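So you can see what is in the structure, the chains are spelled out below.
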Amino acid sequence: MIPYGRQSISQDDIDAVVSVLQSDFLTQGPQVPAFEKAVSDYVGAKHALAVNSATSALHIACLALGLREGDRLWTTPVTFVASANCGLYCGAQVDFVDIDPKTYNLCPLALESKLEHAKQAGTLPKVLVAVHLCGQPCDMAAISRLAVKYGFKVIEDASHAIGGKYKDDFIGRGRYSDITVFSFHPVKIITTAEGGMALTNCDQLAERMALLRSHGITRDAALMTQKPDGPWYYQQIDLGYNYRMTELQAALGVSQMTRLGDFISRRHELAAVYNQELVSLPITLPWQHPDGYSGLHLYVIRLELDKLNKSHVEVFEELRERGLGVNLHYIPVHLQPYYQDLGFNPGDFPLAERYYREAISIPMFHGMTDDEQACVIEILREVLSA
Ligand SMILES: *Cc1c(COP(=O)(O)O)cnc(C)c1O
């Protein structure tokens, strides 16, 4: 089976993890700050906080932005459930904005018209989670203009997008948002097994997120309500969590960061071959907005079903039977039973639902060989021309 995505682990990665196992610190040592510095230096953000998943990063990002019961969080329906669930964790209401049919990202025009209605109704969101689907950045300039006009905060869910660029900046630079989140799950661009990071240029947000990551506990006397009782003293000044990343994960992250540029350029090479070799098949290939340089976490094709004598599920099953580990990113979040119970219905976001009826993620990962790619192309040609 050729999977749709797979981690790339080098001997250097293994050595880095082993040397942590032989060191004094398995957690709360020097590797986590080193990983944070490697990522923040690379993307040009002031602060970076490593945590145990992107889901945790989204949660503390929402809390730091003050999201709570009675507030609203909006995001795209075409994302992993975590981009929306972070709002529910905080007791906020979640709603969605339909996608742009070309980029498959949240559509800024749909956002503007929904904001205008929400303004009339007094139901404006406090937080918008902009998801860079497949690594392609959202139209951040438009989103940040609307954020200023309507007074909401912006989190970039860049789980797919580390190493990519928006205009001249690396994603994570944060010029157009309050907080950016990366995921280091093994299918993503770099991995720490499980892991995530929240980046910001705001000192207060960084301080809040650092507290929330570790039980709401501080050792900084300046933040305490009283003088420390002694050198052992720490104080819990908020209700936080244990969302810390381990030293083993961070060492793997530091090592993976040295190959980020290679990872992205190999993905671009593979995508260029797909773009060329699949162009005559009855499918829509991914379209890239000229303002972005995608991290290319995923290569999603859309079936032109009116030109095929097979259904979406038939094509998907045939590809799996022929040994391609294809996948579908994503089932629109509002179609999940949990969200249907919250009041969402099929038909609420028609462009997202149409995308779901046509999309298939085909194999693309750093270690994929030219032969493996040729095999994928051959199978796609056979399955889609019959
Ligand atoms: C993978 C992913 C997440 C969650 O990442 P974890 O690190 O597994 O918690 C969130 N949002 C998107 C868009 C993702 O793809």
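Residues numbered from 1 in each chain as written. Predicted model: local features only at pLDDT ≥ 70, side-chain atom pairs only at ≥ 80, totals over all residues. Heavy atoms only, no water.

Undergrad: In this structure, what is going on with a nonpolar patch on the surface? I would like to understand it.
TA: On the surface, I9, I14 and V18 cluster together into a nonpolar patch covering about 220 Å² of accessible area. Following the sequence through the fold, I14 ends up in helix α1 (residues 11–21). Given the relative accessible area of 40%, I14 is considered partly exposed. (Patch = residues over 30% accessible without salt bridge, like charges linked within 9 Å, V, L, I, M, F, W, Y side chains within 5 Å. Areas by Shrake-Rupley, 256 points an atom, 1.4 Å probe, with all protein chains shown as cover. Salt bridge = Lys/Arg side-chain N within 4 Å of Asp/Glu carboxyl O. Helix = DSSP H or I, 4+ residues; strand = E, 2+ residues; numbered from the N terminus. Buried < 20%, exposed > 50% of the residue type's maximum accessible area, 1.4 Å probe, protein only.)

Undergrad: Can you walk me through the packing of helix α3 (residues 54–64) against helix α7 (residues 203–213) in this structure?
TA: For any two helices packed against each other, one specifies the crossing angle of their axes together with the interaxial distance. Two elements in contact, α3 and α7, have axes whose closest approach is 9 Å; the angle formed by their N-to-C orientations is 125°. By the criterion of interaxial angle, the relationship of α3 to α7 is oblique. In this structure, α3 meets α7 at a crossing whose hand is right-handed. Touching I60, A61, L63 and A64 of α3 are L205, R208, M209, L212 and R213, all from α7. Among the residues making up the contact of α3 with α7, the classes are represented as 7 nonpolar, no polar and 2 charged. (Axes fitted to C-alpha atoms, helices over the stretch in contact; angles between N-to-C directions. Parallel < 35°, antiparallel > 145°, perpendicular 65-115°, else oblique. Left-handed = near helix turned anticlockwise from the far one by under 90°. Contact = heavy atoms within 4.5 Å. Nonpolar A, V, L, I, M, F, W, Y, C, P; charged D, E, K, R; others polar.)

Undergrad: Teacher, can you tell me more about the pairing of strand β15 (residues 299–303) here?
TA: Successive side chains on a regular strand alternate, one facing one side of the sheet and the next facing the other. With 5 of its 5 residues buried, β15 lies for the most part within the structure. Of the two faces of β15, the one carrying Y299, I301 and L303 and the one carrying V300 and R302 are both buried. Where strand β13 (residues 283–284) lies against β15, 2 bridges are found, and the strand directions are antiparallel. In the sheet register, I283 faces β15, and the bridge partner there is L303. (Pairing = 2+ DSSP bridges.)

Undergrad: Looking at this structure, I do not really get the sheet that holds strand β7 (residues 165–166). What am I missing?
TA: Picture the strands of a sheet paired through backbone hydrogen bonds; they go either parallel or antiparallel. Judged by pairing direction, the sheet is antiparallel, and its 3 strands sit side by side in the order β8-β7-β14 without closing on themselves. Where the open sheet ends on each side, the last strands, each with one partner, are β8 (169–170) and β14 (292–293). The sheet contact formed by β7 and β14 spans 2 bridges and is antiparallel. Note that in β14 the partner of K165 across the bridge is Y293.

Undergrad: Sorry if this is basic, but what is going on with the sheet that holds strand β2 (residues 47–51) here?
TA: An order of β2-β10-β9-β6-β5-β3-β4 is seen for the 7 strands of this open sheet, with the pairing classed as mixed. Each having just a single partner strand, β2 and β4 (93–96) make up the two edges of the open sheet. For this sheet the average axis-to-axis angle between neighbouring strands, irrespective of direction, equals 20°. In this sheet, strand β6 (residues 153–157) lies alongside strand β5 (residues 127–131) in parallel orientation, the contact comprising 5 bridges. Each bridged residue has a counterpart across the sheet, and for A130 the counterpart in β6 is E156. Packing of α3 onto the sheet brings it into contact with β2, β3 (72–75), β5, β6, β9 (179–183) and β10 (196–200), and relative to β9 it is tilted by some 165°.

Undergrad: Would you take a moment to explain the site of the ligand for this structure?
TA: Looking at the ligand, there are 15 residues lining it, with T55, D157, H160, S183 and K188 nearest. Contacts to the ligand include A54, whose backbone N or O atom sits 2.9 Å from an oxygen atom. Between the ligand and K188 there is a distance of 3.0 Å, counted from an oxygen atom to a side-chain nitrogen or oxygen. In isolation the ligand exposes 380 Å². Once the protein is present, 93% of that is buried. Only α3 and α4 (82–89) provide two or more residues apiece to the shell around the ligand. (Near = heavy atom within 4 Å. Polar contact = N/O pair within 3.5 Å; in protein donor to acceptor, adjacent residues only side chain to side chain.)

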